[in-house]
Structures are given as structure tokens and as C-alpha cells.
Amino acid sequence: MARARFAGVERTFAVAGVLALFAAITGWLAWIQGRDGETDSFVGPPRSDYVLSDFSMRALDADGKLAFVVESPRLARHPWLGTFAIDEPRFVILDGNADTWNASARSGWVRKDAKELRLSDAVAADRVADADSTPLSLRTERLTALLDSDRMTSDAPVTITQPGLILRGVGLDADLKQDRFSLLADVRARYEKPR
């Protein structure tokens, strides 16, 4: 009788062991299958290669000539693209006519090869007057400067101010080498007597 009771207990433990093993394998398979479609819970920008604070930088073009100077409280370099995100940049840009432009914005972006600048949010770009050119001011929310082709473009509303003239419109295509500024739509002009 004791032997029969012992055999029943053995059978119960064996069945319980087989069921526990089956449950463990089933749980493991369900966990593996569920992981296939999972994505990372955090998706965001990659961590910067490096960050500069309160800096001044001089960028040269492919020929070794000064392309621009920038000062800013913060710059961060993208680790894979090599681009730069800049907070509150203040640029000094030299165009193909050797005219100097002072540009500022709340944020900026510079392409890896320093041939393209993008400024956004409260953009101001001012050409410094000299013997060959009159002062000119651009105000907009977005501005792209293509340094290798001496162009500035925008798809936002733009105000251009020169002595005696204020132009407003939407969209800009400016050829700095030819000193030609084209507003693309909704253009309005106001003439004022120069002071």
C-alpha cells in the first residue's frame, strides 16, 4: 500500500514536471515571437559627437579662402552626417563680390562641407555698405545661404530694405554675385525719400 502511494506521488511529480517544462518552453517561445516586432521605446536624435559652448569659428572653403565666421553660445555636431546645429548664431559671410553680410537667427544649421547655411526663426541678414554697394537688409523666418554659388533663398515672407525702398513678398531667390534679389509672390513695394 505504501508502495502504491509512493508510485502515485512519483506520477504526480512527473506530470507536474512535464507540465512545468511545457509551460516554460511555451512562455519562452511566446517571448521570442513577441520580440520580433518590437522597436526601441526611445527614438530621438543621436547623441552629438561634440558640443562647443561660447565659441567663435572661422570656416574655409575648398580653395582655402574664408567662407564665413560664426559666433554662438552653443554648437553640436551630428555624429553621422557631420552637420552642425547652432543656437543663436551670428555669422559674418563674404560673398563673391567681397561684400560682407552680417546674419543672425535663433537657430542655424551648417552642412558638413560648409557650403550651405540654414537660418531659422527671426532671421536678419544685413549687407555692410562700402564704396561699391549700398546697405541692404533682409528679414524673414527662414533663409538658406548657398555659399559656393553666392545665392540666398527663402520660402517664407521676406522684407528687403534699402535706402528709399522697402520690398515685401513671399519667397526669395537672390543672386549675390549679380546683386539681383527676386521676391517670388505677393510683392509689395514702398518708396521712401532717403534721409
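Up top is the structure these notes are about.
On a predicted model such as this, the values are computed, not experimentally measured, just so you know. (Residues numbered from 1 in each chain as written. Predicted model: local features only at pLDDT ≥ 70, side-chain atom pairs only at ≥ 80, totals over all residues. Heavy atoms only, no water.)

Caption draft 1: Structural view of the packing of aromatic side chains. Enumeration according to the criterion identifies two aromatic pairs in this entry. With a centroid separation of 5.4 Å and 70 degrees between ring planes, the pair formed by Phe68 and Phe91 is classed as edge-to-face. With Phe68 in strand S2 (residues 66-77) and Phe91 in strand S4 (residues 90-94), this pair connects stretches of sequence that are 23 residues apart. Judged on exposure class, the residue Phe68 and its partner Phe91 are both buried. (Phe/Tyr/Trp six-rings, centres within 6.5 Å; stacked < 30°, edge-to-face > 60°. Helix = DSSP H or I, 4+ residues; strand = E, 2+ residues; numbered from the N terminus. Buried < 20%, exposed > 50% of the residue type's maximum accessible area, 1.4 Å probe, protein only.)

Caption draft 2: Inspection of the side chain of Thr140 at higher detail. Structurally, the position occupied by Thr140 is in strand S8 (residues 136-146). Thr140 sits in the buried class, given a relative accessible area of 7%. Separated by 3.5 Å, the side chain of Thr140 and the backbone oxygen of Arg142 make a polar contact. If we skip the residues at most four places from it in the chain, Thr140 touches Ala122, Val123, Ser154, Ala156, Pro157 and Val158. (Polar contact = N/O pair within 3.5 Å; in protein donor to acceptor, adjacent residues only side chain to side chain. Contact = heavy atoms within 4.5 Å.)

Caption draft 3: Molecular detail of the nonpolar core. Counting residues in each nonpolar core, the largest one holds 31 residues, and the members touching the most others are Phe68, Phe91 and Leu138. Among residues more than four places away in sequence, those in contact with Phe68 are Met57, Arg58, Ala59, Phe91, Val92, Ile93, Val110, Ala114, Leu117 and Leu147. (Core = buried A, V, L, I, M, F, W, Y, C linked by side-chain atoms within 4.5 Å.)

Caption draft 4: Region of interest: the pairing of strand S3 (residues 84-87). Of the two faces of S3, only the one carrying Phe84 and Ile86 is buried; Ala85 and Asp87 on the other face are not. Sheet topology places S3 next to strand S6 (residues 107-110); four bridges connect them, and they run antiparallel. By the bridge assignment for S6, Ala85 is matched with Trp109. (Pairing = 2+ DSSP bridges.)

Caption draft 5: Local environment of the side chain of Asp150. By the element assignment, Asp150 lies in the loop between S8 and strand S9 (151-162). Buried and without a salt bridge, Asp150 has Lys177 as its closest oppositely charged side chain, separated by 5.2 Å. Excluding residues that lie within four positions of it along the chain, Asp150 makes contacts with Asp95, Gly96, Ala174, Asp175, Leu176 and Lys177. (Lys, Arg positive; Asp, Glu negative; His and termini not counted. Salt bridge = Lys/Arg side-chain N within 4 Å of Asp/Glu carboxyl O.)

Caption draft 6: Up close: the pattern of salt bridges. Scanning all chains against the criterion turns up eleven salt bridges. Across the pair Asp126 and Arg139 runs a salt bridge, and its minimum N-O distance is 2.9 Å. Of this pair, Asp126 sits in strand S7 (residues 116-127) while Arg139 sits in strand S8, placing them 13 residues apart in sequence.

Caption draft 7: Representation of a nonpolar patch on the surface. Together, Leu21, Ile25, Trp28, Leu29, Trp31 and Ile32 make up an exposed nonpolar region whose accessible area comes to about 640 Å². As for its position among the elements, Trp28 is in helix H1 (residues 2-36). Classification of Trp28 by relative accessible area gives exposed; the value is 52%. (Patch = residues over 30% accessible without salt bridge, like charges linked within 9 Å, V, L, I, M, F, W, Y side chains within 5 Å. Areas by Shrake-Rupley, 256 points an atom, 1.4 Å probe, with all protein chains shown as cover.)

Caption draft 8: Quick peek at the environment of Glu88. Structurally, Glu88 is set in the loop between S3 and S4. With relative accessibility at 48%, the residue Glu88 sits in the partly exposed group. Placed 31 residues apart in sequence, Glu88 and Leu119 show a C-alpha to C-alpha distance of 9.4 Å. Aside from chain neighbours lying at most four places away, what touches Glu88 is Glu71, Ser72, Pro73, Ala105, Arg106 and Ser107.

Caption draft 9: Representation of the pairing of strand S5 (residues 100-104) within the structure. Taking every second residue as pointing to the same face, the buried face of S5 carries Trp101 and Ala103, while none of Thr100, Asn102 and Ser104 on the other face is buried. Of the strand pairs in this sheet, S4 and S5 are connected by five bridges, and their pairing is antiparallel. The residue bridging Phe91 from the neighbouring strand is Ala103, located in S5. Sheet topology note: the S5/S7 ladder contains four bridges and is antiparallel. For Ser104, the partnering residue across the bridge sits in S7 and is Ala124.

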